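Per-entry structural report
Next come the chains, spelled out residue by residue.
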Amino acid sequence: LEDRSSGVASGTGAYSASRKLDAWAMNVSQFGRDAEQASAVSAAETAAETAAKKALHEEWEAFSLTGVLPTDELLLGLARLKLAKDKETETLRSAVRLEKRNAETSCEKLRSARRAEAERKEMLRTLHAQAEAVAAKEAEIAEAQAKAEQIEKIVP
């Protein structure tokens, strides 16, 4: 009897071990299927993400080249910011061009005023030299007249 009971017990143990082995095999298979499914989902998500990035990039390129506003909300906001920045940049460039023209005009006026001042100074130098020459001639004439008067006084 003991042999039998131990045989039955060992048969029951073998049956129990077989059930555990089957359960373990099912768990391993399920884990493999879950991992495979997760890998497929991850690959699909990566492909979808790559496609979305590509679509966004193409939409931005189309906006950059043609000016057509993007449909994506984020890109639309960025496009509006870029347009506002471009407008502000153009306004600043226009202001700089205007200031440059004003500076060039002011420089030309200054050059013209300096030329006129130099011409005026030259004319004043010429007039001064002429005035000195006239004064010298007048002094010469006065001296000649004084001599003539002295001669007239001497000669009756």
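Residues numbered from 1 in each chain as written. Predicted model: local features only at pLDDT ≥ 70, side-chain atom pairs only at ≥ 80, totals over all residues. Heavy atoms only, no water.

1. Description of the overall build of the protein chain
A tally of helices and strands in the protein chain yields 2 helices and 0 strands. Taking 15 Å as the expected radius of gyration for a compact globule of 156 residues, we find that the protein chain reaches 55 Å, considerably beyond that expectation. Expressed along its principal axes, the backbone C-alpha trace of the protein chain runs to roughly 195 × 40 × 15 Å. By element, 61% of the accessible surface of the protein chain is carried by carbon and sulfur atoms, the whole surface being about 13600 Å². (Helix = DSSP H or I, 4+ residues; strand = E, 2+ residues; numbered from the N terminus. Rg over C-alpha atoms; globule rule 2.2 N^0.38 Å. Areas by Shrake-Rupley, 256 points an atom, 1.4 Å probe, with all protein chains shown as cover.)

2. Quick look at the packing of aromatic side chains
Following the criterion strictly, the structure yields 1 aromatic pair and no others. The interplanar angle of 50° and the centroid separation of 5.0 Å between the aromatic rings of Trp-60 and Phe-63 together place this pair among those described as tilted. Highlighted residues: Trp-60 and Phe-63, both in helix 1 (residues 2-66), separated by 3 residues, approximately one helical turn. Residue classification places Trp-60 among the partly exposed residues on the basis of a relative accessible area of 23%. Residue Phe-63 is classed as buried on the basis of its relative accessible area of 4%. (Phe/Tyr/Trp six-rings, centres within 6.5 Å; stacked < 30°, edge-to-face > 60°. Buried < 20%, exposed > 50% of the residue type's maximum accessible area, 1.4 Å probe, protein only.)

3. Here's the deal with the pattern of salt bridges
Inspection of the entire model under this criterion finds 7 salt bridges. One salt bridge in this structure joins Glu-49 and Lys-53, with 3.5 Å as the shortest N-O distance. A residue pair is termed a helical-turn pair when its members lie 3 or 4 positions apart in one helix, as Glu-49 and Lys-53 do in helix 1 at 4 residues. Residue Lys-53 is classed as exposed on the basis of its relative accessible area of 53%. Counted as one network, the salt bridges with shared partners bring together Glu-108, Arg-111 and Arg-115. (Salt bridge = Lys/Arg side-chain N within 4 Å of Asp/Glu carboxyl O.)

In short, the description is geometric, and any link to function would need to be established separately.
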